[in-house]
Each structure stands twice: as structure tokens, then as C-alpha cells.
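So you can see what is in the structure, the chains are spelled out below.
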Amino acid sequence: MSTQNGTSIVVTGRGVVSCLGLDVAEMTARVLAGACGIREIPERTAGLRFGLGAPVVDFVPEDHFDGRSARMLDRFTQFATVAGRAAWREAGGATAGLDPTRVGVVLGTASSGIDILADGFERIFVGNGRPSPLTIPMTMGDRKSTRLNSSHLVISYAVFCLK
């Protein structure tokens, strides 16, 4: 692929954590089989007018992070880090001797840290308590790219899809 100014862009690694699979192979197989990741999620939508979602199931943070990191990282950051690591591995990033100034990773999200925000609001308005002091840093949209940068020393771009 090339950009408008003729600069080449090469995709050398892919990673995904989604409602249809926890890696590229699993997700591709399910998409090609016609699977749908949207389902009823009554455990998250009780009392709401809708009950559908596309939750990521079977993701166990402790399979990918030490206990402290698993607790400190919001779910969206965990997903992005795991997918980014997979893309890095597929690209041979650890062994290719790549120049970090010539490598970029594009990560996208539509709802950074929404689970942590919801928990904070519930603590304040339902439980009359205090939110975690880490609520704001854990919900920052660039948290996922910062985490990937620190673990792989590459330039990451956080992409937000907002209306």
C-alpha cells in the first residue's frame, strides 16, 4: 500500500482480540464460517432497553500479564497490548533488529476505559463510595499505545473513532 505522497506502507504483523476470537487465526476461521459475535448479555444490560453486545469471552488477563499488571490495566488496554504483542511477534519484531524510529503500530478504539468509568460511577452514585484513584489514568485513550511503547520500544499511534 502507498500513501498519497507515494510513501510505501507495509503491514508485516497482525493481532486481534475480539468477540470472534482471541487471535487472528481463530477470528478468521469464525468470520469465514459465518459466525456472529453479537449476543444477549443480560449480565451487563439488566434494566436497560437493549440487551445485545459483542463481548470478548474466554480472555484471561493472567494468561498474558503478571497479577499486578492485570489489575492495573483496563480491559481495552489488555486487549490492545495482547493484540500488539501478537502483531509484533508475527512481524518478527523481537528478532529482526528493526529501527524503532522506522516502525509504527496503529491501534484503534471507540470506547477507551469505559468499564473503569462505569465502575467509578457505580461506586460514587450507587455505593456512595469513592472511585479508584487510578480511574483517570486507566481510562486515558492513549494508555494502550503507551503500554505497547514501553514493552516494545516502537512508535504507536492511538486512533479514536468518535462521532
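The structure under discussion appears in the preceding block.
A brief look at the structure comes next. (Residues numbered from 1 in each chain as written. Predicted model: local features only at pLDDT ≥ 70, side-chain atom pairs only at ≥ 80, totals over all residues. Heavy atoms only, no water.)

## Topic: the packing of aromatic side chains
To keep it simple, the criterion reads: Under the pairing criterion, centres of Phe, Tyr and Trp rings, with the six-membered ring standing for Trp, must be within 6.5 Å; the plane angle then separates stacked pairs below 30 degrees from edge-to-face pairs above 60, leaving the rest tilted. We count a stretch as a helix when DSSP gives it H or I for four or more residues in a row; a strand needs E for two or more, and each element gets its number in order from the N terminus. Using a 1.4 Å probe on the protein chains alone, a residue whose accessible area is under 20% of its type maximum counts as buried, one over 50% counts as exposed, and one in between counts as partly exposed.
Per the counting criterion, the structure on display carries one aromatic pair. Ring geometry for F59 versus F79: centroids 4.9 Å apart, planes at 85°, classification edge-to-face. Of this pair, F59 sits in the loop between β2 (52–53) and α3 (67–72) while F79 sits in helix α4 (residues 75–90), and the two are 20 residues apart along the sequence. Each member of the pair, F59 together with F79, is buried.

## Here we look at the nonpolar core
As a rule of thumb, nonpolar side chains are buried together in soluble globular proteins. How we decide: Definition used in this section: a nonpolar core is a set of buried Ala, Val, Leu, Ile, Met, Phe, Trp, Tyr and Cys residues joined via side-chain atoms within 4.5 Å. Whether two residues are in contact is decided by their heavy atoms, any of which lying within 4.5 Å being enough.
In terms of nonpolar packing, the biggest core is built from nine residues, these being V17, V56, F59, F65, A70, L73, F79, V82 and A83. Here the element with the most residues in this core is α4; it accounts for three residues. Residue contacts for V56: discarding those within four places in its chain leaves V17, S18, C19, L22, R75 and F79.

## Let's talk about the pattern of salt bridges
Rules: When a carboxyl oxygen of Asp or Glu is within 4 Å of a side-chain nitrogen of Lys or Arg, the pair counts as a salt bridge.
Applying the stated rule across the entire model yields two salt bridges. Between E90 and R14 there is a salt bridge whose closest N-O contact spans 2.9 Å. Of this pair, E90 sits in helix α4 while R14 is found in the segment before α1 (24–32), placing the two residues 76 residues apart along the sequence. Between E26 and R30 there is a salt bridge, and its shortest N-O distance comes to 3.1 Å. Of this pair, E26 and R30 both sit in helix α1, four residues apart, which is roughly one turn of the helix.

## Here we look at α1
The following threshold applies: Polar contacts here mean pairs of N or O atoms no more than 3.5 Å apart (in protein, one a potential hydrogen donor and the other a potential acceptor; neighbouring residues in sequence count only if both atoms are side-chain atoms).
Here α1 starts with a cap whose side-chain oxygen sits 3.2 Å from the backbone nitrogen of A25, and that cap is D23. One or two steps after α1, the chain reaches G34, where phi turns positive at roughly 80°.

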